[in-house]
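Structure assessment
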Amino acid sequence: MKLLIKGIGQLVTVTEGSKFLAGNDMSSIKVREGCLAVAVDDAGKIAMVGSEKEVTAKYNEKTFVTVIDAGGQAVIPGFVDGHTHPVWAGDRVHEFAMKLAGASYMEVHAAGGGIHFTVDKTREASEQELLDLLVPRLQRMLRAGTTTVECKSGYGLDAENEVKMLRVLERAKKLVPIEISSTFCGGHAVPKGSNAEKATEDVIVNQLAQVIKENAAGNLNVENIDVFCEKGVFEIEDSRRMLKAGQEAGLRINFHGDELFPLGGAEMGAQLKAEAISHLEEISPAGIKGMAEAGSVAVILPTTAYILRLKHPPVRDMINSGVIVALGTDFNPNAYCLSMPTVMHLACVNLRMSLTEAMAAATINAAHSLGRSATHGSIEVGKVADMIVLTEKKWEHVVYQFGQQDMIKYVVKGGNVVF
């Protein structure tokens, strides 16, 4: 046996058999109290959850490679970050002052900053340089309790550089013990000197075709397709074409929608049965209804609205309408946040989510957005043993202690202690 965690005073399992939590169920996560233990088998899967007496009666403590005594403190699932852009060169700290002075996202974009600045720097960087930048970012995520993360390309905007970014993610999977769900995001912006029609054609004919070829050859393992569906970037029909092409090639739809303008991205995504749609600051009531009916996960990114001073997405309306709500950091040069506990805090304070809703959104629902909720996102027998051992007796401290990571004592990924 690989790992025994004993002496657990509070165990947040989140669910018992559910693949997601929606509506009122998000307020009813599963929490066990007592002297508890979790046993992990040699494959890194949870073998037993129960009282310490029951677990050690079935599995002799001496048979475990590693034993952790939680000392009466809380244990929670590893976090799942549902939306990040971690592969890039050239930070945008110089733009922060512009935003503080009142410049909008699109004004910075029009001035040659934003995505295009990062595209230039990322194209100039070698694959090794990008990997050297990525690895410490992933390590910092891991230290903050993230054990599974969605990672996008999107700063290449041509076949060569998009594939370069995706190769960097494949190499990082072997270097950092964090699980990565890779996303092709060639439709992140219209390249300089092009237009949306030409860029859409290039994404479908050249970029996507190359990604699928590399997937088939075993060089890449790209799971999702993303597009920045936004007024003045890729509008509804161009976005639909790219997303549908990816879907027909076997990729899951997981895209940016209705962030800056109420374009109807959520309605379009619901029609395509998108697995997930992110941002949604400007989602309409019809979009909320469509997503609830389609089962599309709303990946909410509290850092973005906070940093860009946008209006907050109507999360309470989404939850009350039965939309599955998840959370992500949106880590990128525009929103430099690597910490899911910080995101959960912002979700509670600014978006008026409850603590239990934030926990569900950062674990089982984020796992569901990535097609992993059958194996990740909760502490249940048979699932991957991704867990966080806290230094506090109550799990709420991980959200309550704003901007702190000291309450995280151990991070466990697949039964291995990785922090």
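Structure: above.
Okay, so let's go over this structure. (Residues numbered from 1 in each chain as written. Predicted model: local features only at pLDDT ≥ 70, side-chain atom pairs only at ≥ 80, totals over all residues. Heavy atoms only, no water.)

**Considerations on the overall build of the chain**
For the chain, the helix and strand inventory stands at 16 helices and 16 strands. The C-alpha atoms of the chain give 21 Å as radius of gyration, which agrees with the globular expectation for 419 residues (22 Å, within 12%). Each principal axis of the C-alpha distribution contributes one length, and for the chain these read about 70 × 45 × 40 Å. For the chain, the residues scored as buried account for 60% of the 419 residues in total. Looking at the chain alone, contacts between residues at least 24 apart form 73% of all its contacts between residues at least 6 apart. Just so you have it, the chain exposes about 15400 Å², and 50% of that area is on carbon and sulfur atoms. Positive and negative side-chain charges in the chain, numbering 42 and 50 respectively, have mean positions lying 4 Å apart. (Helix = DSSP H or I, 4+ residues; strand = E, 2+ residues; numbered from the N terminus. Rg over C-alpha atoms; globule rule 2.2 N^0.38 Å. Buried < 20%, exposed > 50% of the residue type's maximum accessible area, 1.4 Å probe, protein only. Contact = heavy atoms within 4.5 Å. Areas by Shrake-Rupley, 256 points an atom, 1.4 Å probe, with all protein chains shown as cover. Lys, Arg positive; Asp, Glu negative; His and termini not counted. Charge placed at Lys NZ, Arg CZ, Asp CG, Glu CD.)

**A few points about helix 4 (residues 115–124)**
Of all the residues in helix 4, the buried ones are Ile115, His116, Thr118, Val119 and Thr122. Taken around the axis of helix 4, the buried residues stretch over an arc of 155°, which confines them to a single face. In the core, the buried residues of helix 4 are packed alongside helix 3 (105–110), helix 5 (127–143) and helix 6 (159–173). (Arc of directions from axis to C-beta.)

**Digging into the packing of helix 6 against helix 7 (residues 196–216)**
In contact at an axis separation of 9 Å, helix 6 and helix 7 are set at 40° when each is read in the N-to-C sense. Seen from above, helix 6 lies across helix 7 with right-handed handedness. Residues Ala159, Glu162, Val163 and Leu166 of helix 6 lie in contact with helix 7, whose contacting residues are Asn206, Gln207, Gln210, Val211 and Glu214. Residue composition of the contact of helix 6 with helix 7, grouped by class: four nonpolar, three polar and two charged. (Axes fitted to C-alpha atoms, helices over the stretch in contact; angles between N-to-C directions. Left-handed = near helix turned anticlockwise from the far one by under 90°. Nonpolar A, V, L, I, M, F, W, Y, C, P; charged D, E, K, R; others polar.)

**Notes on the pairing of strand 5 (residues 74–77)**
Looking down a regular strand, the side chains alternate between one sheet face and the other. Bridge count between strand 1 (residues 3–14) and strand 5: two bridges; the pairing is parallel. Across the sheet, the residue bridging to Gln10 is Ala74, located in strand 5. Bridging between strand 5 and strand 14 (residues 387–390) involves three bridges; their strand directions are antiparallel. Residue pairing across strands places Ile76 opposite Ile388, the latter belonging to strand 14. (Pairing = 2+ DSSP bridges.)

**What about the environment of Phe184?**
Take Phe184: it is sitting in strand 8 (residues 179–187). Residue classification places Phe184 among the buried positions, given a relative accessible area of 1%. Contacts of Phe184, omitting those with residues within four sequence positions, involve Ser153, Glu162, Leu166, Val203, Gln207, Leu208, Val211, Val222, Asn224, Ile225 and Asp226.

**Re helix 13 (residues 340–350)**
Of all 11 residues that make up helix 13, nine are buried, and the element is covered over most of its length. Along helix 13, the residues that are buried comprise Met340, Pro341, Thr342, Val343, Met344, His345, Leu346, Ala347 and Cys348. Considering only its buried residues, helix 13 is in contact with strand 6 (79–81), strand 7 (146–152), helix 11 (302–308), strand 13 (324–327), helix 14 (355–362) and helix 16 (397–400). Immediately beyond the C-terminal end of helix 13, within one or two residues, lies Arg352, with a positive phi of roughly 60°.

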